[in-house]
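Understanding the architecture of this molecule
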Amino acid sequence: MYFGVDYYPEQWVFPYGGSAENPEAQWLHDAQLMRTAGFNVVRLGEFSWGLCETEDGKFDFDWLKRVMDILGEHGIQVVLGTPTAAPPIWLAKNHPEILPVDERGITKHEGTRRAVCLNSDAYWTYSKRLVENMAQALGNHPQLIAWQIDNSLGGNFTEAAFNEDTRRDWHLWLEAKYETIERLNQMLGLRHWGQLVTAWNQVPMPMAAPTVHNPALVLDWNRFCSDTIVQFVGMQAEILRRLTPDRPITTNLRALRHRFDHFDLADVLDFVSIESTAAIKSKPSEIACEIDMLRSLKKSGIKTPDGDTGFWVMEQKAGNVNWQEVNALVRPGVLRMFTYQLVSRGATAILFFRWRQSRYGSEKFHGAVLPHNLEGSRRVFNEIAQIGEELKILAPALKGTKVTAEACIIYTHDNDWTLQQPNPPNKFFSLREHIQLIYTALHDRNILVDFARPNEDLSAYKIVFAPSLHLLSAGDADRLKLYVQNGGTLVSTFNTGLVDEHSIVPDSGFPHNLTDLFGLEVQEFDTLPPSEENHLTFKGAFPTSHLHPAKLWCDMIEPKGCQILATYSKDFYSGKAAITMNTFGLGKAIYIGTQSHQHFYHDLVAWLRQMGGLHPLLKVPENIEVSMREKEGARVYFLLNHQNSPVRVQFYKPMHDFLTGSNIVGNYDIPPHGVLVIDEHPEVKTAG
Ligand code: GAL
């Protein structure tokens, strides 16, 4: 298992480290210390363009080679970042057209990373040449095990730039999609407010305007910007695969926040890497949700340096960040626990951000493995070194294991982008919050979850949740039907099938293309402000632990063959169906026409479990998070105590504790922020 750190050797030369006689002396010292921490991999280089190409065409990769040689002497491997995330000042001066223009037409200036328009021809030309030169200079270095393309793409709000090169590419993209102007006018609905165009170059970019742009045009703009990012990564991947075919390619992603299609991007990578700021957030189920989303981006065709099929954590923040209002220290033990959370959900490599707190620059008070003063506190270093020791013990058991989920939540960026557009039926509705309610209910019952687009193979999942697929194409609707037809259980919710992939509302009933699947038609929907609610009255076997409200959105359902599970209890639609279930082929289609509070989703999961199919991993107290990795019947369980106090767990059969090598049976107290990694005791397994 790879365990390492993000290193910026360029920041540790004389006069910031080393000596006048030996300006790079610090590198050797760093490599020795890294070994002491147990690190076997380092990521380098992602912001080093200005140091690797000091003037137009004048390349110097020798310093990176010297660093890699030193790391090699200490048994440390290297992931090299292609440095396109930080173009040098000389490039912006020689080609100011690479600088990004914002939606008000104002140019953002050089002097920081990411000061580029990703559609700029000059930027592409210079990026290609840089990546080619880097791959030729360092691609065969024995320490190089993988490439990271660029860094945190879309970060610092750079998903879109409104430059003239962008305008040209936008028009070409639209022409390739719609072929004729008539079709473009039709499919984008440009008759609204009479905004018809007669030539491709008349189509606006959605820049600042008096009021909202056409939603279909904005959606296409989001798709176009996403395609641009994916093509930019694809361009670099093509060069790297050509020059260094045996070095896998990745890039580091954040929790599906940046505005591009993360699934599309994962398609052009060999493996997914993520960054995590888990230690600064409070809710474990929110962090778990983000990890599961990112793990789910690439489920097959994974190629990693060690052949494992998990994801990498390229930047696990080693301590405090520097971009919150108050950047508190991460409490002892918390970093360890959240690192285990990543491993428990499928991470096969962990690299900490960053090696040492920088002495200068905008991130100089960002946390790190080591402080500015190397003789200073070793608190974080020691905690990380302990994790390293433990992962060495666990590595043989984890090798080749995977997270296998029984439940799946459908998510598409197209839908999320559409729901974030202005003028929705209820601006207080948030898809992410809605998904989180469902995810949390599954997480709290220790049920493993994947995320997927509807066009993936869903057949392995016992249950699929498809929350608020407002935008749903006929093809995707058919895939959901096929899943149920063949025996699956689908749970969909309000705000589904309201528009097709062109953002056009159907002139038949809601949910579009799915009324037969659910055996109903949504005839009207009411929306409520957060201060108001309706209530649900349940019929039959649905277990209700609380009175459940209907919040934000109430679909008025006309049953057409479905069974009614709950109705609304007040207002003019009192008594109308709110939750229903329909048998379709061999499966069941459940429709929840409203949003409720967290207790409802816990009850929903309890009911779905009763119906069969879903298996919580272990029976543990509420505040213990459980995840599991398995291979060929061998199961490794992770139990995480997110509390600041010990939590007692009861084991009815003997379990084997990997970290201590001892056996556990009966009561066991997991310490505050403690971690337990176990499997069934071998004797029990043989006996079973
Ligand atoms: C990441 C980025 C790093 C660093 C870090 C700070 O998104 O990749 O370079 O800036 O944030 O937390």
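Use the structure listed above.
These numbers come from a predicted model, not from an experiment. (Residues numbered from 1 in each chain as written. Predicted model: local features only at pLDDT ≥ 70, side-chain atom pairs only at ≥ 80, totals over all residues. Heavy atoms only, no water.)

What about the sheet that holds strand β6 (residues 144-148)?
What counts here: At least two bridges found by DSSP between two strands are what make those strands a pair. Secondary structure elements are defined from DSSP: runs of H or I of at least 4 residues count as helices, runs of E of at least 2 residues count as strands, and each element is numbered from the N terminus.
As summarised here, the arrangement of the nine strands in space is β7-β6-β5-β2-β1-β11-β10-β9-β8, forming an open sheet in which the pairing is parallel. Each end of this open sheet is capped by a strand with a single partner; those strands are β7 (249-250) and β8 (252-253). Bridge count between strand β1 (residues 2-6) and strand β11 (residues 347-353): four bridges; the pairing is parallel. Looking at β11, one finds that V5 is bridged to F352.

Considering the pattern of salt bridges
We count it as follows: Between Lys or Arg on one side and Asp or Glu on the other, a salt bridge is scored when a side-chain nitrogen of the former is within 4 Å of a carboxyl oxygen of the latter. The classification of residues rests on relative accessible area computed with a 1.4 Å probe and restricted to protein chains. Under 20% of the type maximum is buried, over 50% is exposed, and intermediate values are partly exposed.
By the definition in use, this model includes 47 salt bridges. Here D414 makes a salt bridge to R223, at a shortest N to O gap of 2.8 Å. Taken together, the residues D414 in helix α13 (residues 413-419) and R223 in helix α8 (residues 215-243) connect sequence positions 191 residues apart. Summarising the burial analysis for this pair, D414 and R223 share the class buried.

Some details on the pairing of strand β9 (residues 273-276)
Our working rule: Crossovers are marked right-handed if the path from the first strand over the helix to the second runs clockwise, as seen with the strands pointing away from the viewer.
Residue alternation in β9 divides its side chains into two sets, S273 and E275 and I274 and S276, and both sets are buried. Alignment of β8 against β9, held across two bridges, turns out to be parallel. Pairing of L253 across the sheet is with I274, part of β9. Following the chain from β8 across helix α9 (residues 262-267) to the adjacent parallel β9, one finds a crossover that is right-handed. As defined by bridge partners, β9 adjoins strand β10 (residues 311-317) across four bridges and the pair is classed as parallel. Bridge pairing in β10 places S273 opposite W312.

Observations concerning the sheet that holds strand β27 (residues 675-680)
Whenever strands of a sheet pair, they do so through backbone hydrogen bonds, lying parallel or antiparallel. Threshold: Lines are fitted to the C-alpha atoms to define the axes, a helix being fitted only along its stretch in contact, and any angle between axes, read from their N-to-C directions, falls within 0 to 180 degrees. By definition in these notes, contact holds between two residues if any of their heavy atoms fall within 4.5 Å.
Strand order across the open sheet formed by five strands is β23-β24-β27-β25-β26, with antiparallel pairing between neighbours. Looking at strand neighbours, the two that pair on one side only are β23 (624-631) and β26 (663-670), the edges of this open sheet. In this sheet, adjacent strand axes meet at a mean angle of 25° when their direction is disregarded. Here three bridges tie strand β25 (residues 647-657) to β27, and the two strands are oriented antiparallel to one another. Each residue of the ladder has a partner; that of H656, found in β27, is D679. Packing of helix α11 (residues 334-344) onto the sheet brings it into contact with β23, β24 (634-641) and β27, and relative to β24 it is tilted by some 150°.

Here we look at the site of the ligand
Rule in force here: Any residue with a non-hydrogen atom lying within 4 Å of a molecule or strand is treated as near it. We call two N or O atoms a polar contact when they sit within 3.5 Å, provided that within protein one can donate a hydrogen and the other can accept it, with sequence-adjacent residues counted only if both atoms are side-chain atoms. Exposure was quantified through the Shrake-Rupley algorithm and a 1.4 Å probe, taking into account, for residues, occlusion by the shown protein chains and nothing else. Gly is placed with the polar residues, together with every amino acid not listed as nonpolar (Ala, Val, Leu, Ile, Met, Phe, Trp, Tyr, Cys and Pro) or charged (Asp, Glu, Lys and Arg).
Among the 13 residues in the neighbourhood of the ligand, the closest are listed as N151, E275, W323, E363 and H366. Within the side chain of R113, one N or O atom sits 2.9 Å away from an oxygen atom of the ligand. N151 places a polar side-chain atom, nitrogen or oxygen, 2.8 Å from an oxygen atom of the ligand. When the free accessible area of the ligand is taken as 310 Å², the share hidden by the protein chains comes to 96%. Classifying every residue of the shell around the ligand gives three nonpolar, four polar and six charged.

Quick word on the side chain of R114
Assignment of secondary structure puts R114 in the loop between α4 (89-94) and α5 (121-138). Under the relative-accessibility criterion, R114 is labelled buried at 4%. In terms of polar contacts, R114 uses its side chain to reach the side chain of D150, at 3.0 Å. Reaching out from R114, the side chain makes a polar contact with the backbone oxygen of N151 at a distance of 2.8 Å. Here R114 is in contact with A85, A86, P87, D150, N151, S152, L153, G154, G155, N156 and T158, once residues within four sequence places are set aside.

Read these as layout, nothing more, since geometry by itself doesn't imply function.
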